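# Breakdown of the fold
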Amino acid sequence: MSAYHVKTPLVRVENLVKEFPISRGVLFRKNIGSVQAVNGVSFEMQDGETLGLVGESGCGKSTTGRLVLRLLEPTSGRVFFENRDLATLQPEVLRKARLDFRMVFQDPYSSLNPRMSVEDIIAEPMQIAGIRTLERRARARDLLEIVGLRDYHATRYPHEFSGGQRQRIGIARALTMNPKLLVCDEPVSALDVSVQAQIINLLKDLQKKLSLTYLFVSHDLSVVRHISDRIAVMYLGKIVEIASKKDLFNKRLHPYTQALLSAVPIPVPGAKSTRIILSGDIPSAINPPSGCRFHTRCPEVMKKCFNEDPVLMDIGNEHKVACHLITH
């Protein structure tokens, strides 16, 4: 039985909402609206699985990742980690809980302090946790070996490394306190294709060795297909479909998922695929459409879609979809 069939989830997200207020004025600032970045997102993650979170730019997937780690405070909704509601934890308790979850950032250039040596970058979380200097140094050098770098790299600075090496350093820093969950926010999008494969294979190896759980945020479906156990598809702040990797690619149901996957290149010479071209642009998150948010671009739109927001329903085999075409 695969890991994500275990009954008690490591992470449980319930009706997560995040709105960013829009204000106007200099002296007397007045709220004139809000950006609805995340709207009613719910999902679970089991210990040891990788959940891919995909969608177009601006759909709210990176914001969702930060909400899971409580790097952002939700407008409403709850995030449970090991059955503990993170919103109810006192600051000191939350600080200890954060040892169990970390983030790997998108940009390996800006996420590392250029004035700190690699050893200091990796050891900094341990310093904050009160671990002694000799232990910090030993652990930092061990982590460099784990992510494929060498002991002599410890005294160097970020500008002396390539993009792939910098991302390895970022991964090593994330592993410092032996976390259970890593939120990987587009961790390979800034890298060359050959280096992307190396980093993805490294993440898969680390998952096996260290029993890690990944929330893998990406717009690249080829990468997500390679690393994920399940995949959740987001559109304009909502999850429209979530299923196992096999089901999503072989039995895609939501019209948006069908269009998204039709853009994935087929790695077979001479193979042909039918590309689904959606009309129009993504609506503004400031004033999203009523009813189904996808109805302005959907080739299968029905009258019901204009007024009723579809519920994410389980249609069997843990495959969930929010579409009136499927659930009516």
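Notes on the structure in this doc start here. The structure presented is a predicted model; accordingly, all values stated were derived computationally and were not measured. (Residues numbered from 1 in each chain as written. Predicted model: local features only at pLDDT ≥ 70, side-chain atom pairs only at ≥ 80, totals over all residues. Heavy atoms only, no water.)

### Examining the overall build of the protein chain
Assigned secondary structure in the protein chain consists of 10 helices and 12 strands. Whereas a compact globule of 328 residues would reach a radius of gyration of roughly 20 Å, the protein chain reaches 21 Å, a difference of no more than 12%. Taking the principal axes of the C-alpha coordinates as reference, the protein chain spans close to 65 × 60 × 45 Å. When burial is assessed residue by residue, the protein chain has 49% of its 328 residues classed as buried. A fraction of 64% describes how many contacts in the protein chain between residues 6 or more apart in sequence connect residues 24 or more apart. (Helix = DSSP H or I, 4+ residues; strand = E, 2+ residues; numbered from the N terminus. Rg over C-alpha atoms; globule rule 2.2 N^0.38 Å. Buried < 20%, exposed > 50% of the residue type's maximum accessible area, 1.4 Å probe, protein only. Contact = heavy atoms within 4.5 Å.)

### A word on the packing of aromatic side chains
A full pass over the atoms with the stated rule returns four aromatic pairs. Here Tyr235 and Phe294 contribute two aromatic rings whose centre-to-centre distance is 5.1 Å and whose plane-to-plane angle is 85 degrees, an arrangement assigned as edge-to-face. With a gap of 59 residues between them, Tyr235 in strand β9 (residues 230-235) and Phe294 in the loop between α9 (255-262) and β11 (313-314) connect regions that are remote in the sequence. Judged by relative accessible area, Phe294 falls into the buried class, the value being 2%. (Phe/Tyr/Trp six-rings, centres within 6.5 Å; stacked < 30°, edge-to-face > 60°.)

### A few points about the pattern of salt bridges
A pair can form between side chains of opposite charge whenever their charged atoms are brought close. Within this structure, the stated rule accounts for 12 salt bridges. Here Glu82 makes a salt bridge to Lys180, at a shortest N to O gap of 2.5 Å. Placement of Glu82 in the loop between β4 (76-81) and β5 (84-85) and of Lys180 in the loop between α5 (163-174) and β7 (181-185) is noted, with a sequence separation of 98 residues between them. Within the structure, one salt-bridge network assembled from shared partners comprises Glu119, Arg137, Arg141 and Asp151. (Salt bridge = Lys/Arg side-chain N within 4 Å of Asp/Glu carboxyl O.)

### Considerations on the packing of α5 against helix α6 (residues 193-210)
Packing of α5 against α6 brings their axes to within 10 Å, and their N-to-C directions diverge by 20 degrees. In terms of their interaxial angle, α5 and α6 are classed as roughly parallel. Regarding α5 and α6, the two cross each other, and that crossing is right-handed. Counted together, Gly164, Gln167, Arg168 and Ile171 of α5 and Val195, Gln198, Ile199, Leu202, Leu203 and Leu206 of α6 form the full contact between these two elements. Looking at the contact of α5 with α6 residue by residue, the classes come out as six nonpolar, three polar and one charged. (Axes fitted to C-alpha atoms, helices over the stretch in contact; angles between N-to-C directions. Parallel < 35°, antiparallel > 145°, perpendicular 65-115°, else oblique. Left-handed = near helix turned anticlockwise from the far one by under 90°. Nonpolar A, V, L, I, M, F, W, Y, C, P; charged D, E, K, R; others polar.)

### Comments concerning the side chain of Arg168
With respect to the helices, strands and loops of the structure, Arg168 is situated in helix α5. Buried and without a salt bridge, Arg168 has Asp205 as its closest oppositely charged side chain, separated by 8.2 Å. The residues contacting Arg168, other than those within four sequence positions of it, are Val147, Gly148, Leu149, Gln198, Ile199 and Leu202. (Lys, Arg positive; Asp, Glu negative; His and termini not counted.)

### Looking at α5
Counted at 1.5 Å a residue, the expected span for α5 with its 12 residues is 16 Å, and the 17 Å between its end C-alpha atoms agrees. The buried count for α5 comes to 11 of 12 residues, which makes it a mostly enclosed element. Restricting attention to buried positions, one finds in α5 the residues Gly163, Gly164, Arg166, Gln167, Arg168, Ile169, Gly170, Ile171, Ala172, Arg173 and Ala174. Against the buried residues of α5 lie β6 (101-104), α3 (118-128), α4 (133-146), β7 and α6. (Expected span 1.5 Å × (residues − 1).)

### Digging into the sheet that holds strand β8 (residues 213-217)
Taken together, the eight strands give an open sheet; going across it, the order is β6-β7-β8-β3-β9-β10-β12-β11, and neighbouring strands pair in mixed fashion. Taken across any chain shown, the strands that pair with only one partner, and hence form the sheet edges, are β6 and β11. As judged from the two bridges shared by strand β10 (residues 238-244) and strand β12 (residues 320-321), these two strands associate in the antiparallel manner. In the sheet register, Glu241 faces β12, and the bridge partner there is Val321. Across the sheet, α5 is in contact with β6 and β7; its angle to β6 comes to roughly 170 degrees. (Pairing = 2+ DSSP bridges.)

### Thoughts on the pairing of β9
A large share of β9 lies buried, amounting to six of its six residues. Here β9 shows a buried face lined by Arg230, Ala232 and Met234 and a second buried face lined by Ile231, Val233 and Tyr235. Of the strand pairs in this sheet, β9 and β10 are connected by six bridges, and their pairing is antiparallel. Looking across to β10, one finds that Arg230 is bridged to Ser244. Between β9 and β10, which pair antiparallel in sequence order, lie two residues; one of them, Leu236, sits at a positive phi of approximately 50 degrees.

### Side note on the sheet that holds strand β2 (residues 30-45)
Taking strand neighbours across the sheet as the criterion, the four strands line up as β2-β1-β4-β5 in an open arrangement whose pairing is antiparallel. Lying at the two open borders of the sheet, with one neighbouring strand each, are β2 and β5. Relative to β2, strand β1 (residues 11-24) is paired through 12 bridges, and the arrangement is antiparallel. Pairing of Arg12 across the sheet is with Glu44, part of β2. Its contacts with the sheet put helix α1 (residues 61-68) on β1, β2 and β4, and the angle it makes with β2 is roughly 70 degrees.

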